[in-house]
Amino acid sequence: MNPSDPRPALRPRRSSISRRAALALALGLSVVGCGKHEPKKSAAPDSGAGGRQALRVGFAQIGAESDWRRANTQSIRDEAAARGVDLVFVDAQGSQANQIRAIRSFIAQGVDVIAFAPVVETGFEPVLREVKEAGIPVILTDREVEVSDPSLYATFIGADFVAEGRAAAEWLAGATSGQAGIAQLEGTPGAAPAIDRRAGFEEAIAAHPAMHIIKSQSGEFTRAKGREVMESFLNSPEGPRITAVYAHNDDMALGAIQAIEAAGKKPGVDILVVSIDGVKAAFQAMTEGSLNCTVECNPLLGPALFDAAEALAAGKTIERRIVTPARVFTGASSAAELPNRRY
Ligand code: GZL
C-alpha cells in the first residue's frame with residue numbers, strides 16, 4: 001500500500017463462504033438450503049480474460065423512505081445489471097444497526113467493494129475499521145460519515161447539502177423580499193443532509209433580519225410525518241405567523257402542503273413552500289402552484305458508483321469527493337421541465 005495514499009490497498013479476493021449463509025447469519029436469519037456459492041461469470045463483455053468473475057459489490061441502502069431514495073435504489077440496481085456487477089443489496093429499513101450488520105456480512109462474503117449511504121454521520125467508525133482490516137475499499141454514496149481516519153473510505157459521491165440549503169434560502173429571500181416567518185421541516189436527526197441543509201439555510205437567512213425560523217422539527221424525510229408535523233405547527237400559538245415552509249426534502253413538503261390545505265389555506269400562496277430533491281411529484285405540485293421552488297439533488301448515482309467501484313477494484317486511485325451538480329427549479333420552469341424528469 002502506498003503510504004502517501006491513505007486508501008486501503010486492494011486485497012486479492014478470498015474464496016467467499018456461501019453468500020446466502022453469510023448474509024443470513026449476519027442478519028440473524030435461519031439459513032435454509034445454502035449451497036456453496038459459485039462466483040457468477042461476468043455478464044459484461046469478456047475482457048479477453050476469459051470468464052473473469054463478476055465484480056462483487058455489497059451495498060447497504062438506508063431504506064425506502066422517499067421518492068428520492070427509491071430512485072436512488074433503482075439507479076444502483078439498474079446500473080449493476082447493465083454492467084454485469086454482482087450486487088449484494090441490503091435495505092436497512094432506516095436502521096443504522098442493520099447497515100452495520102450488512103457491512104459485516106459483506107466482509108464475510110469477501111466482496112470486492114463495499115458501498116453504502118450512511119443513515120447518520122456518526123457510529124460507523126468501528127465497522128469501517130473492520131472493513132479496512134479486511135482490505136476492502138469503501139465508497140460512500142449520498143451521505144457522509146464523521147470519522148477520525150480519512151483512509152476508512154476511498155471516496156464520497158453525492159451532493160453539497162450546505163449549498164442546497166443556501167440556494168433554498170436565497171430563493172425564499174427573493175420571493176418574500178426578505179420577510180418571512182419560516183416553519184422548517186428537518187430531515188432525519190443526525191443525518192448529513194439534515195445537518196447541512198439546515199446549516200446552509202440558516203447561514204443564508206442571517207443576511208435578512210426579517211427572516212425568522214419560528215418552528216423547526218424533524219419530519220424524518222417522509223410525507224406522512226411531514227404532514228403530521230406541519231399540522232402541529234399550524235395548530236400551535238405560532239401558527240398564524242407562519243408565512244413560509246422550508247422542507248429538507250420534497251416528500252415532507254408535499255405532506256406539509258396537504259396539512260396547509262386541510263387547514264383551509266392555499267399552499268404556494270398564503271404560505272410559500274420551498275424544498276429540496278426535485279422529484280417528479282414536486283414538479284407536478286409546482287405546475288399546480290402548491291409548491292413554489294425545489295432545489296435539485298440528483299439520486300441517479302448508479303453510474304458514478306460503479307465507475308468508482310470498477311476503478312478501485314482495478315487498483316486505480318480516484319477522486320476523494322465526486323459532487324453532483326444541482327439546479328433550482330420554480331413554478332415558472334416546472335411545466336417545461338416535468339417531461340424531462342428521470343426520477
Ligand atoms: C439526500 C438524501 C435525502 C433526500 C431524501 O441526498 O440523503 O434522503 O433528500 C432522502 O429525500 O430520504
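Our structure's up above, just so we're on the same page.
Residues numbered from 1 in each chain as written. Predicted model: local features only at pLDDT ≥ 70, side-chain atom pairs only at ≥ 80, totals over all residues. Heavy atoms only, no water.

(A) Spotlight on the overall build of the chain. Each helix and strand in the chain was counted, giving 11 helices and 12 strands. Looking at the 343 residues of the chain, the share that counts as buried comes to 54%. Within the chain, contacts between residues separated by at least 24 positions form 72% of all contacts whose residues are at least 6 apart in sequence. Only carbon and sulfur atoms are counted for the fraction: they give 52% of the accessible area of the chain, which is about 14,200 Å². (Helix = DSSP H or I, 4+ residues; strand = E, 2+ residues; numbered from the N terminus. Buried < 20%, exposed > 50% of the residue type's maximum accessible area, 1.4 Å probe, protein only. Contact = heavy atoms within 4.5 Å. Areas by Shrake-Rupley, 256 points an atom, 1.4 Å probe, with all protein chains shown as cover.)

(B) Broad picture of the sheet that holds strand β9 (residues 272–277). The 6 strands are arranged β7-β6-β8-β9-β10-β12 in an open sheet whose pairing can be described as mixed. Each edge of the open sheet carries a strand with a single partner, namely β7 (211–218) and β12 (328–330). Sheet twist, expressed as the mean angle between neighbouring strand axes with direction ignored, is 20 degrees. Sheet topology places strand β10 (residues 293–296) next to β12; 3 bridges connect them, and they run antiparallel. In the sheet register, V295 faces β12, and the bridge partner there is V328. (Pairing = 2+ DSSP bridges. Axes fitted to C-alpha atoms, helices over the stretch in contact; angles between N-to-C directions.)

(C) Structural view of the site of the ligand. Inspection of the region around the ligand gives 13 residues, with E65, D142, R143, R197 and D277 positioned closest. Within the side chain of R69, one N or O atom sits 3.1 Å away from an oxygen atom of the ligand. Here an oxygen atom of the ligand sits 2.7 Å away from a polar atom, N or O, in the side chain of R143. Relative to its unbound accessible area of 320 Å², the ligand is 100% covered by the protein chains. Comparing atom positions with the cavity grids shows the ligand to sit within the largest cavity. (Near = heavy atom within 4 Å. Polar contact = N/O pair within 3.5 Å; in protein donor to acceptor, adjacent residues only side chain to side chain. 1 Å grid on protein atoms, 1.4 Å probe; cavity = no way out; pocket = protein on both sides within 12 Å on 5 of 7 lines; lining within 4 Å. Sits in = over half its atoms within 2 Å of the grid points.)

(D) Main features of helix α3 (residues 96–109). Compared with the 20 Å implied by 1.5 Å per residue over 14 residues, the 20 Å span of α3 between its first and last C-alpha is a close match. Within the span of α3, buried status applies to N98, Q99, I100, A102, I103, S105, F106, I107 and Q109. For α3, the N-terminal capping position is held by S95, with its side-chain oxygen 3.2 Å away from the main-chain nitrogen of A97. Directly after α3, the chain includes G110, whose backbone phi takes a positive value near 70 degrees. (Expected span 1.5 Å × (residues − 1).)

(E) Examining the nonpolar core more closely. I182, L185, F201, M230, V245 and L291 are the most contacted members of the largest nonpolar core, which has 53 residues in total. The greatest single-element share of this core, amounting to 7 residues, is contributed by helix α8 (residues 250–262). Residue contributions to this core reach at least three from each of two domains, namely domain 1 (17–158 + 299–324) and domain 2 (161–298 + 330–340). For V245, the residues in contact, after removing those within four places along its chain, are A183, L185, M230, A256, I260, I271, L272, V273 and V274. One finds I62, F106, V127 and A134 within the second-largest nonpolar core, a separate group that totals 27 residues. (Core = buried A, V, L, I, M, F, W, Y, C linked by side-chain atoms within 4.5 Å. Domains from an automatic or database assignment.)

(F) Geometry of helix α10 (residues 302–313). A rise of 1.5 Å per residue sets the reference length of α10, with its 12 residues, at 16 Å; its end C-alpha atoms lie 16 Å apart and thus fit the reference within 8%. Of the residues making up α10, those classed as buried are G302, L305, F306, A308, A309, A311 and L312. Elements that come into contact with the buried residues of α10 comprise β1 (56–61), α2 (67–83), β2 (86–91), β3 (113–116), β4 (138–141) and β5 (155–158). One or two residues past the end of α10 sits G315, with phi positive at roughly 80 degrees.

(G) Layout of the packing of α2 against α10. Closest axis-to-axis distance for the α2/α10 pair is 8 Å, and the angle between their directions is 50 degrees. Here α2 is positioned oblique relative to α10, judged by the angle of their axes. Classified by chirality, the crossing of α10 by α2 is right-handed. Residue-level contacts link S75, I76, E79, A80 and R83 of α2 to G302, P303, L305, F306, D307 and E310 of α10. In terms of residue class, the contact of α2 with α10 is built from 5 nonpolar, 2 polar and 4 charged. (Parallel < 35°, antiparallel > 145°, perpendicular 65-115°, else oblique. Left-handed = near helix turned anticlockwise from the far one by under 90°. Nonpolar A, V, L, I, M, F, W, Y, C, P; charged D, E, K, R; others polar.)

(H) Examining empty space enclosed by the protein more closely. Across all of its chains, the model carries 1 cavity of 30 Å³ or more by this definition. Reported here for the largest cavity is a volume of approximately 100 Å³. Around the largest cavity, the lining residues are E65, S66, W68, R69, D142, R143, F161, P193, R197, F221, N249 and D277. Mapped onto the lining of the largest cavity, the elements with two or more residues apiece are α2 and α6 (192–205). Within the lining of the largest cavity, the residues separate by chemical class into 4 nonpolar, 2 polar and 6 charged. Here the lining of the largest cavity spans two domains, and each of domain 1 (17–158 + 299–324) and domain 2 (161–298 + 330–340) adds at least three residues to it. (Points joined across faces, edges and corners; volume = space filled by probe spheres on them.)

(I) Structural context of the sheet that holds β3. Within the open sheet, the 6 strands sit side by side as β2-β1-β3-β4-β5-β11. Their pairing is parallel. Both outer strands of the open sheet, β2 and β11 (321–323), are each paired with one neighbouring strand and no more. Across this sheet, the average inter-strand angle for adjacent strands is 15 degrees, counted without regard to direction. By the bridge criterion, 3 bridges tie β4 to β5 in an arrangement that is parallel. Residue pairing in the sheet places I139 in a bridge with T155 of β5. Packed onto the sheet, α10 meets β1, β2, β3, β4 and β5 and runs at close to 170 degrees relative to β4.

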